[in-house]
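# Observations on the model geometry
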Amino acid sequence: METRMIEGQDSLDARIRQKFGLGQQEAQTYSPLVLAYIGDGIYELIIRTIAVGQGNRQVKKLHRQASRYAKAQAQSEMMETLLPLLCEEETRIYMRGRNAKSYSTAKNASVNDYRRATGFEALMGYLYLQGDMERLLELVKAAVDNYTPNEHTGTEARNCYESSFHNRMVQKQGRNG
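Given the structure is predicted, the values throughout are model-derived calculations rather than measurements.

## Observations concerning the pattern of salt bridges
- Applying the stated criterion across every chain, the model contains 8 salt bridges.
- For R17, the salt bridge goes to D13, with nearest N and O atoms at 3.0 Å. A residue pair is termed a helical-turn pair when its members lie 3 or 4 positions apart in one helix, as R17 and D13 do in helix α1 (residues 12-19) at 4 residues. One exposure class covers both R17 and D13, and it is buried.
- Each of the salt bridges in this network shares a partner with another, and the network as a whole consists of E88, E89 and R92.

Here's what the structure looks like:
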């Protein structure tokens, strides 16, 4: 898979490796669970960046809103949108992650949702380590634009607020994308 980087700019991964004197390793050589581990972090960073970019709010509210996009069920549903958009290599990475034997269990998700979410995170990690932030962001945008968080959790006031968060997230991305 070709790495798409803006000329003259290093990927975040490359800059971290250089600053801390870490060696380079091909993304394909990492285990699917290691890809999911780093993918979980980069996906969470993207979602938090979007949330914070929409305005200053209480951290508790930011966390609650962002976690609705980061939970296993959400990532599993997002994969339904993403699968038709994936190239062969990306599909292979997703399948490796989905089929990986994990020794941890999902707290609030079905086994199938947890496995699909692991595949989602493995794909995010792979793209990050490949330095292909453009493709990673393209897929996250498609996933977020087509995902509607469940509105039937928590108090009515929280649901109303979080629904407006989702609408603002999609609208802001529409203006920027």
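## Concerning the packing of helix α2 (residues 32-53) against helix α3 (residues 59-70)
- For the pair α2 and α3, interaxial distance at closest approach is 10 Å and the crossing angle is 135 degrees. In terms of axis orientation, α2 runs oblique to α3. When the axes of α2 and α3 are compared, the crossing they make is right-handed. Residues Y43, E44, I47, R48, A51 and V52 of α2 pack against L62, H63, A66, Y69 and A70 of α3.
- Class assignment for the residues of the contact of α2 with α3 results in 8 nonpolar, 1 polar and 2 charged.

The rules behind these values
Residues numbered from 1 in each chain as written. Predicted model: local features only at pLDDT ≥ 70, side-chain atom pairs only at ≥ 80, totals over all residues. Heavy atoms only, no water. Salt bridge = Lys/Arg side-chain N within 4 Å of Asp/Glu carboxyl O. Helix = DSSP H or I, 4+ residues; strand = E, 2+ residues; numbered from the N terminus. Buried < 20%, exposed > 50% of the residue type's maximum accessible area, 1.4 Å probe, protein only. Axes fitted to C-alpha atoms, helices over the stretch in contact; angles between N-to-C directions. Parallel < 35°, antiparallel > 145°, perpendicular 65-115°, else oblique. Left-handed = near helix turned anticlockwise from the far one by under 90°. Contact = heavy atoms within 4.5 Å. Nonpolar A, V, L, I, M, F, W, Y, C, P; charged D, E, K, R; others polar.

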